[in-house]
Amino acid sequence: MATTDRQATTLALAHALSAAERGLAVIPLSRTKLPALRSPHRDDPAPAPCHGECGRPGHGVYDASTDPARIRELFAAAPWATGYGIACGLPPHHLIGVDLDTKSETDSSAALRELALRHLFTIPPTVVVLTPSGGRHLWLSGPPDVVVPNSAGRLAPGIDIRGAGGYLVGPGSRTRHGAYAAAPGTAHLAPAACPPSLLRLLLPPHRPAPAHATTDAHGRGLVQFVLAAHEGQRNTRLFWAACRAYEDGIGAALVDPLVEAALDTGLTEREARATIASAARMTGHRP
């Protein structure tokens, strides 16, 4: 390995360990910004879904850790790594990344400002990471009981969202196109809380009930929406359904049916009621 590559790997490991000290779970990345370790199941004729249960590294963001010993092991297994990724959606920060891209013809920063004006939110002071292409990553913190999905261009052209199951390239990483660095004056900040009205935009879009639907039918539809949740989307669907219920004036009446539906999907009653209470607060109602 060239000396410069060794230096890049050493520097990336140092930055990754520093991020882990702040509670951010990390993985090594290659110069292509992809996870540096290949899947241990790549040669299996019919690989079963595995998120690291096999105990071997190579499961992408599911390898992410804040344990210094584990991080050193991952980098030792990938001596070609020149960067690190920060897993989103994990405690304690429940990180949400707002990626303002410069590759599209749309001005993503202007698009975000327009959204902020339209939906009455402001981005508080937070960590901003500058990308080699001239883009920016804004770090925000989400509620513990809300799962923000990844999306590309759904919020607005040129704006990608990194949520649960996604990762952000950490500052100090080097890629084929250059280095990632924290914007001046932001490196010491903690990820700021995501504004509530922006958070709601990041969740699955609201599909209103037809005008002829009755309140009972609409309530049953929300309950069925929760019942159809798969593992990994149970909290998201419950939160979304509860928000719609409160917005439509049937939130209080639907609490118990939504809790029962959530229990059927595998959530505990405590988790379900906490998520519904969060939806009530988000929509301006008392839990």
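Conventions we followed
- Position labels on residues start from 1 in each chain and follow its written sequence.
- Thresholds applied to this predicted model are a pLDDT of at least 70 for local features of residues and 80 or more for the giving and counting of side-chain atom pairs; totals over whole chains, interfaces and linings are not thresholded and use all residues.
- Neither water nor hydrogens contribute to the side-chain values; these are computed over all heavy atoms in the structure.
- Strands were regarded as paired on the criterion that DSSP finds at least two bridges between them.
- Every helix listed is a DSSP run of H or I at least four residues long, and every strand listed is a run of E at least two residues long, numbered separately from the N terminus.
- For helices, the fitted axis covers only the stretch in contact; all axes are lines through C-alpha atoms, and the angles between them, taken along N-to-C directions, range from 0 to 180 degrees.
- Contacts were defined at the residue level, with two residues in contact if any of their heavy atoms lie within 4.5 Å.
- Every case where a carboxyl oxygen of Asp or Glu lies within 4 Å of a side-chain nitrogen of Lys or Arg is listed as a salt bridge.
- Partly exposed residues are those whose accessible area sits between 20% and 50% of the maximum for their type, while under 20% is buried and over 50% is exposed, using a 1.4 Å probe and protein chains only.
- Throughout this description, the term nonpolar core refers to a set of buried Ala, Val, Leu, Ile, Met, Phe, Trp, Tyr and Cys residues connected via side-chain atoms within 4.5 Å.
- Here pLDDT means the predictor's own confidence in every residue, given as a number from 0 to 100.

Asker: Got a sec to walk through the sheet that holds strand S2 (residues 83-87)? Specific residues and values, please.
Answerer: Sheets are built from strands paired through backbone hydrogen bonds, the pairs being either parallel or antiparallel. The three strands lie next to each other as S1-S2-S8, forming an open sheet whose pairing is antiparallel. The two strands at the open ends of the sheet, each matched to only one other strand, are strand S1 (26-29) and strand S8 (167-169). Sheet twist, expressed as the average angle between the axes of neighbouring strands with direction ignored, equals 35°. In this sheet, S8 lies alongside S2 in antiparallel orientation, the contact comprising three bridges. Of the residues in S8, the one forming a bridge with Ile86 is Leu168. Here helix H2 (residues 68-77) sits on the sheet in contact with S1 and S2, set at roughly 15° to S1.

Asker: How would you sum up the pattern of salt bridges? Please name residues and give values.
Answerer: In the structure shown here, the tally under the stated rule is seven salt bridges. Put simply, Glu247 and Arg200 hold a salt bridge, and the shortest N to O gap is 1.6 Å. A residue pair is termed long-range when its members are at least 10 positions apart, and Glu247 in helix H6 (residues 234-247) and Arg200 in helix H4 (residues 196-202) qualify at 47 residues. With a relative accessible area of 31%, Arg200 lands in the partly exposed category. Here Asp256 ties to Arg273 by a salt bridge, and the two come within 3.3 Å at their closest N and O atoms. One end of the pair, Asp256, is in helix H7 (residues 251-265); the other, Arg273, is in helix H8 (residues 269-282), with 17 residues separating them in the sequence.

Asker: Residues and numbers for the side chain of Ser151, please.
Answerer: Relative to the helices and strands, Ser151 resides in strand S6 (residues 151-156). Residues in contact with Ser151, not counting those within four places in the same chain, are Asp160, Ile161 and Arg162.

Asker: Pulling in residues and values, what's your account of the nonpolar core?
Answerer: Of all hydrophobic cores here, the largest spans 48 residues; its most connected members are Ile159 and Leu258. With eight residues, the top contributor of residues to this core is H6. Leu258 has contacts with Leu222, Val223, Val226, Leu238, Ala241, Ala242 and Ile276, leaving out every residue within four places of it along the chain. Residues Ala16, Ala36, Ala81 and Cys88 belong to the second largest nonpolar core, which totals 31 residues.

Asker: I'd like to hear about the confidence of the model for the chain, residue by residue, with values.
Answerer: Mean pLDDT over the chain stands at 88; residues scoring 70 or higher make up 93%. Confidence drops under pLDDT 50 across residues 207-214; counting only partners more than four residues distant or on other chains, this segment forms two contacts.

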